[in-house]
Amino acid sequence: SASYGTAFKAPTFNDLYYPGFSNPDLRAETARSGELALRYASDAVGAGVVAYRNRVRDLIVFECDADFNCAPQNVAAATLQGITLDARLHRGATSLTASVDLQRPQDDASGLLLPRRARRHAALVVAHPFGPVRVSAELAASAARFDDAANTRRMGGYALLNLLAEWPFGTRWTAFARLNNALDKHYELAADYRTAGANLFAGLRWRY
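Here the structure is a predicted model, which means the values were calculated and not measured.

Chemist: Outline the environment of Glu29, listing residues and values.
Modeler: Looking at the secondary structure, you find Glu29 in strand β2 (residues 29-41). For Glu29, a relative accessible area of 11% corresponds to the buried category. Sequence separation between Glu29 and Lys9 is 20 residues; the distance between their C-alpha atoms is 5.0 Å. If sequence neighbours within four positions are ignored, Glu29 has contacts with Ala7, Phe8, Lys9, Val56, Arg57, Asp58, Leu59 and Ile60. Among the polar contacts made by the side chain of Glu29, one reaches the main-chain amide nitrogen of Ile60 at a distance of 2.8 Å.

Chemist: Please give an account of the environment of Leu204 that cites residues and values.
Modeler: Positionally, Leu204 belongs in strand β14 (residues 199-206). Sequence-distant contacts of Leu204, defined by excluding residues within four places in its chain, comprise Phe169, Trp173, Thr174, Ala175 and Phe176.

Chemist: Outline the side chain of Asp148, supporting the account with residue identities and numerical values.
Modeler: Take Asp148: it is sitting in the loop between β8 (145-146) and β9 (154-155). Here Asp148 is buried and forms no salt bridge, its nearest opposite-charge partner Arg153 lying at an N-O distance of 6.1 Å. Residues contacting Asp148, with those up to four places away along its chain left out, are Pro115 and Arg153.

Analysis parameters
- One numbering rule holds for all chains: residues counted from 1, following each sequence as written.
- The model is predicted, so local features are restricted to residues of pLDDT at least 70 and side-chain atom pairs to those at 80 or more, both for listing and for counting; the totals for chains, interfaces and linings are taken over all residues.
- Only hydrogens and water are set aside when side-chain values are computed; all heavy atoms of the structure are taken into account.
- Note on conventions: DSSP H or I runs of at least 4 residues are helices, E runs of at least 2 residues are strands, and numbering of each starts at the N terminus.
- When accessible area is computed with a 1.4 Å probe and restricted to protein chains, residues below 20% of their type maximum are described as buried, those above 50% as exposed, and intermediate ones as partly exposed.
- Here, residues are in contact when the closest pair of their heavy atoms is within 4.5 Å.
- In protein, a polar contact requires one atom able to donate a hydrogen and another able to accept it; more generally it is a pair of N or O atoms within 3.5 Å, and residues adjacent in sequence count only if both atoms are side-chain atoms.
- None of His or the chain ends enter the tally, which takes Lys and Arg as positive and Asp and Glu as negative.
- We define a salt bridge as a side-chain nitrogen of Lys or Arg found within 4 Å of a carboxyl oxygen belonging to Asp or Glu.

By themselves, these are just geometric observations and shouldn't be taken as functional.
This is the structure in structure tokens:
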């Protein structure tokens, strides 16, 4: 398959006017993107490769200087291009899905990486039923990124393990529990802002 499109994104009200963290001179983003994809699928196996290239004018990014003066800014021209590989495998009752994204998100003027965007991402999900309960393990990983446009404030890569259990009962109900960041990994998506440690959610779903 092949696709091509254009996009438009206006700055939000907070981008323009939030006290102390805004920029009323922001311009709207415009973008052109193209994508080529090749996919294969059977009952037991699936695989795909996608190549993409996005050219963005006036990309809105959030930046902080050394004195912690923070505000959204426009990047005059940016290119986000890369390739995504994905695979799916079913063997008996066990399923496995995996994906890898290799990209180059860069500021065209400087050739440096865009703030807070990594070059590599990967995900792996394994699911298997144990009686009526289906258990899944998810591994999500990211390479290092930079917090600033000059690429001087480096944030390390990370890998997170999430666990999920689901138990359908009755005809419409499902009980579930999800443990995010099971290994209590310390990581940052923005410099000096810690993300959540290990956390557990549980609940019930009802389907009409």
